[in-house]
Each structure stands twice: as structure tokens, then as C-alpha cells.
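# Fold and geometry: a report
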Amino acid sequence: DVLRAYISVIDLGGYTKAADALHRSQPAISLQVKRLEDLLQKKLIAFEGRELKLTEDGEALAIYARQLLRLNL
């Protein structure tokens, strides 16, 4: 669920859109991404103004997360 939330935020460009797509609240999605960052002890997502940007660690995780999600279908 955490990786699905993370990839949804990336693909849809924000927490609110990801929350709508996953039928969850925006704070729930935000909390899941925060938990993932805490678990990895890495910052994954940064914002430049209102634009969502992945950090270098966030880019690396996205590659593996997509692979894991494909295997889990």
C-alpha cells in the first residue's frame, strides 16, 4: 500500500490526486509517504514552489517500486 501510494503521488503529480485515485484521504496518503521516508531515512519528494520533484533517492526508489508493484499484480 505504501509503495502504491508513493507511485500514485508521482504519477498523478500530487497527494490530493493520488488520494482521489486510491479512495483515501489526502492526509492518509501524505502519512504513508512520510512513513516510507522515515523507514528509509531518506527524503524522497521535494517541492519547487507547487511543483513536485523527486530527489535522487526518490528517483531510485521509484524504479524499484514500479518493479515490485508490477510483480505484485
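Here is a short report on the structure shown in this document.

The rules behind the values
Residues numbered from 1 in each chain as written. Predicted model: local features only at pLDDT ≥ 70, side-chain atom pairs only at ≥ 80, totals over all residues. Heavy atoms only, no water. Phe/Tyr/Trp six-rings, centres within 6.5 Å; stacked < 30°, edge-to-face > 60°. Helix = DSSP H or I, 4+ residues; strand = E, 2+ residues; numbered from the N terminus. Buried < 20%, exposed > 50% of the residue type's maximum accessible area, 1.4 Å probe, protein only. Core = buried A, V, L, I, M, F, W, Y, C linked by side-chain atoms within 4.5 Å. Contact = heavy atoms within 4.5 Å.

### A word on the packing of aromatic side chains
Aromatic ring pairs are described here by two measures, namely the spacing of the ring centres and the angle between the planes. For the coordinates displayed, the defined rule picks out 1 aromatic pair. Here the aromatic rings of Y15 and F47 are separated by 6.2 Å at their centres, their planes lie at 35°, and the arrangement is tilted. Pair noted here: Y15 is in helix α2 (residues 15-22) and F47 is in strand β1 (residues 45-48), with a separation of 32 residues, a long-range link. For F47, a relative accessible area of 44% gives the class partly exposed.

### With respect to the nonpolar core
Within the largest apolar cluster, 18 residues are counted, with the highest numbers of intra-cluster contacts made by Y6, I7, V9, I29 and I45. Among the secondary structure elements, those contributing two or more residues to this core are α1 (2-12), α2, α3 (26-40) and α4 (56-71). Among the elements that make up this core, the one with the highest residue count is α1 (5 residues). Aside from chain neighbours lying at most four places away, what touches V9 is G14, Y15, A18, I29, V33, I45 and L52.

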